[in-house]
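The lines below spell out each chain.
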Amino acid sequence: MAKLTIPREELMYSGHAACPGCGPALAMRFLLKGLGPRTVVSVPASCWSVIATPYPTTALGVGMLDNAIEATGASISGLRAAADALGLEDLNVVGFAGDGGTADIGLQSLSGMLERRTDALYVMYDNEAYMNTGVQRSSATPQGAWTTTTPVAGEARGKLEPKKDIMAIVLAHHPVYAATLNPSFPEDFVRKVERARGMRGPRFFHVYAACPPGWRYDSDQTIELGKLATYTGIFPLYEVENGQLRITRRMGQLKPVEDYLAAQGRFRHFSPEEVRQVKEQAEARWADLLAREKATSTPAPVREVPPAGAPAPRPSATT
Amino acid sequence: MGFKVLSGNGAQAEAARLARVQVIAAYPITPQTTIVEALADMVASGELKAQYVKVESEHSALQVCLSAAALGARTYSATSSQGLLLMHELLHWASGQRTPMVLGVVNRAVAPPWNIGADHADTMSQRDTGWIQFYPESNQEVLDTVLTAYRLVEDPEIRLPAMVTEDAFYLSHTFEPVDVPDPKVVDTFLPPKDARAILRPGVVSRLGSFTGPDHYVDFRHQVAEAMDRVLPKLQEVESEYARRSGRDLGGPLVGYRTEDADAVLLTLGTISTTARGVVDELRSSGQKVGMAKLRVFRPFPVEAVRALARDVSRLGVLDRSFTFGSSGPAASEVRSALYGVPSPPSVTSFLAGIGGRDVGPKDLHRVFQALLSSRSTGPRWMDLETDGGVVVHG
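What you are looking at is a predicted structure, and each value in this text was computed from that prediction instead of being measured.

A. Region of interest: the overall build of chain A. Of regular secondary structure, chain A possesses 11 helices and 10 strands. Taking 2.2 N^0.38 as the reference for a compact globule, 319 residues should give roughly 20 Å; the C-alpha atoms of chain A span a radius of gyration of 19 Å, in line with that estimate. With the C-alpha coordinates aligned to their principal axes, the bounding extent of chain A is approximately 60 × 50 × 45 Å. The buried share among the 319 residues of chain A stands at 51%. By sequence separation, contacts in chain A at least 24 residues apart represent 70% of the contacts at least 6 residues apart.

Structure, rendered in structure tokens:
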């Protein structure tokens, strides 16, 4: 039997208020396992401001700061500034925001945090719509998906526009580390968290976060669906460190996207033509990743020289 | 330390330095910009040991300070006009999360049309956000008020945010000698911030949270109770500051020659200095008038206004902004404070200095003559009237 690489310590408690099968709940659980207790998480208005349970209880074994929906990037810049001013250098500063709070209303704040080179980890948990308010489309909703504001009726075929490429936007800021993570691959997930924890500078996670009520599938299928998302090339797993891209889950052949789409009510209306488009996009995405991995396989010149006196990488001790 | 020649903005920066703020976040906006430039120089030269976060908006500036304060840091930011309006949402967060913080605000007109002159519409629009509001009259008062504000807001019984305003250009860009206290004096008066923050590494905690109606009302009521403790606490803090610095700030409402006055004019900010001179002139010609400077607008000093009104038959309130559909904001507060008191004075709302219009002695003579000759409630827009009563535009 393989040795378990995931820390046993639980910093997210049972009794949380997530729906059964909630992807964002798994994302937080694995994130905190990788980060350890010396962590403060800043959370905007989102599913997670509710999942953490109402006053006077909390579902987290670490400090949590609530912030306005568009302000997570600025919030973690403030936490880091205070931590540095108060000599709390080993504190893990984390922003944990949804796709709406990140790719839509919080994009300016995220960009500011990345550009300022804030020494913090920003996590976007992507459930691909405004789920806390009841499934309204966000810029991260996939093309064609049904939501309550992109109905499927008459001529209307769900969301018209393609999903916003948040990783491309983030990578244009040259973070020290950016990665895609999926709770269906816990070893890969926790390894990336531990890797990011030991670094200094702006770090970003794009986390696949399945939503049974919003995506219209059975809540016991979350893990299987997540595996399909990666195996079909819909949500490939990779990391980019100082410009070097590395695929962390390699597939010889992509699984058919039909398996992923058919499992979810939000895609139920798809015609064969619409399925074909998703398949082509997944293949193109995968080919592009392979090409980028090859192109950056030799260490690229460091794009930005750290300023004189920049702090050394943080020691990797958990506590 | 002795005197330095400082602008109002220089006084803000000097006070932040003396307060040994630990985290600064700011975004430039006229006429606030020279505050954050001065702080940048202080941090760059090592004169001030602080983390300076250069943000991409005022909204982010305030969020940086909110989150930094949540971990226990003493923070400073400054803004003006549109920048303060952009912060509006987070102003509520600051009081709701019981964040002890100080914000410098250079009072500037709100667009459209664009105008960078002195006007109180920006801060008056934040009346209901749970912030303490100070309206100093001089650069000296700006410096002294920022220092006392830190001491006040960090008191465990208060834990509310405060904004210290200055009239655009009349203070922000006007230089005058300012007695800068010795850092040792300030360190004794304002010790390092109590590090007992709610968020601490390794501690299970949550700041913000959400609640249903069961607890929400308690949170709001606690803010209200803290606000009620501000004026008594301010008296203690100002007394101690007076002992250490030799300067008495005078509390929330500072009267001048109000004894036996037939008419008293309430003012905010820089117009107060001019009004004091005009009171002297009118007194020397036998007219029994006085003035009172409203230094603190939130919490509103109801008792002080009632005490002032006891022996006065006519009160004028001069506002540098207007609440559309009502009157000057201070005038409506004064009326509200006086409701139900026996034989209250008449209260006339005057508007002057809107959008940076100069309010000189001649203008205030007209205000006093209007006040002495009529018990009209107003509002009277003095900027639109000439001596002959002809309305002029522009």
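B. Molecular detail of helix H5 (residues 107–115) of chain A. Among the residues making up H5(A), those that are buried are Ser109(A), Leu110(A), Gly112(A), Met113(A) and Leu114(A). On its buried face, H5(A) sits against helix H3 (72–85), helix H4 (99–104), strand S4 (121–126) and helix H6 (166–171) of chain A together with helix H3 (58–70) of chain B. Directly beyond the C-terminal end of H5(A), a positive phi value near 60° is found at Arg117(A).

C. The arrangement of the sheet that holds strand S9 (residues 238–241) of chain A in detail. If you trace the nine strands from one edge of the open sheet to the other, you get S10(A)-S9(A)-S7(A)-S8(A)-S4(A)-S3(A)-S1(A)-S2(A)-S9(B), paired in mixed fashion. Each end of this open sheet is capped by a strand with a single partner; those strands are strand S10 (244–247) of chain A together with strand S9 (205–207) of chain B. For this sheet, the mean inter-axis angle between neighbouring strands, taken without regard to orientation, is 15°. The sheet contact formed by S9(A) and S10(A) spans four bridges and is antiparallel. Bridge pairing in S10(A) links Val240(A) to Leu245(A).

D. Seen up close, helix H9 (residues 213–245) of chain B. Residue and element names in this part refer to chain B. Taking 1.5 Å per residue as the helical rise, H9 with its 33 residues ought to reach 48 Å, and the 46 Å between its terminal C-alpha atoms agrees with that figure. Most pronounced at Leu231, the bend in H9 amounts to some 35°, and the proline Pro232 follows within four residues. Along H9, the residues classified as buried are Ala226, Val230, Leu234, Val237, Glu238, Tyr241 and Ser245. At its buried positions, H9 is contacted by strand S6 (132–134), helix H7 (139–153) and helix H8 (183–189). At the exit of H9 stands Gly246, carrying a positive phi of roughly 80°.

E. Quick look at the domain arrangement of chain B. Residue and element names in this part refer to chain B. Domain boundaries in chain B define domain 1 (2–245) and domain 2 (253–384). The C-alpha centroid of domain 2 is placed 27 Å from the C-alpha centroid of domain 1. Of the residues lining the interface, 25 residues belong to domain 1; the matching set on domain 2 comes to 21 residues. Contributions of two or more residues to the side of domain 1 that touches domain 2 are made by helix H6 (121–124), S6 and H9. For the side of domain 1 that touches domain 2, the class distribution of residues is 15 nonpolar, six polar and four charged.

F. Geometry of the interface of chain A and chain B. The interface of chain A with chain B comprises 36 residues on the first partner and 40 residues on the second. Of all the secondary structure elements, the ones that give two or more residues to the side of chain A that touches chain B are strand S1 (39–44), helix H2 (47–51), strand S2 (63–67), H3 and H5 of chain A. The element best represented in the side of chain A that touches chain B is H3(A), accounting for 10 residues. Of the residues belonging to the side of chain A that touches chain B, the class tally is 20 nonpolar, 12 polar and four charged. With three bridges connecting them, S2(A) and S9(B) associate as parallel partners.

G. Focus on the packing of H3(A) against H3(B). Where H3(A) contacts H3(B), the two axes come as close as 7 Å, and the packing angle between them is 45°. Accordingly, the angle class assigned to the pair H3(A) and H3(B) is oblique. Crossing geometry of H3(A) relative to H3(B) is assigned as right-handed. The segment H3(A) lies against H3(B), with Ala74(A), Ser75(A), Ser77(A), Gly78(A), Leu79(A), Ala81(A) and Ala82(A) engaging Ser60(B), Gln63(B), Val64(B), Cys65(B), Leu66(B), Ser67(B) and Ala68(B).

H. Geometry of the nonpolar core. All names here are of chain B. Counting 218 residues, the largest nonpolar core has Val23, Val146, Leu147 and Ala162 as the members making the most contacts within it. Among the domains, domain 1 (2–245) and domain 2 (253–384) are the pair contributing at least three residues each to this core. Apart from residues no more than four positions distant in its own chain, Ala162 is found in contact with Val102, Trp131, Ile132, Phe134, Ala149, Leu152 and Val153.

Rules used throughout
- Residues numbered from 1 in each chain as written.
- Chains lettered and ligands numbered in written order.
- Predicted model: local features only at pLDDT ≥ 70, side-chain atom pairs only at ≥ 80, totals over all residues.
- Helix = DSSP H or I, 4+ residues; strand = E, 2+ residues; numbered from the N terminus.
- Rg over C-alpha atoms; globule rule 2.2 N^0.38 Å.
- Buried ≥ 20, exposed ≤ 12 C-beta atoms within 10 Å, placed from the backbone.
- Contact = placed C-beta atoms within 7 Å.
- Pairing = 2+ DSSP bridges.
- Axes fitted to C-alpha atoms, helices over the stretch in contact; angles between N-to-C directions.
- Expected span 1.5 Å × (residues − 1).
- Bend = angle between axes of the 7 residues up to and from the residue.
- Domains from an automatic or database assignment.
- Nonpolar A, V, L, I, M, F, W, Y, C, P; charged D, E, K, R; others polar.
- Parallel < 35°, antiparallel > 145°, perpendicular 65-115°, else oblique.
- Left-handed = near helix turned anticlockwise from the far one by under 90°.
- Core = buried A, V, L, I, M, F, W, Y, C linked by C-beta atoms within 7 Å.

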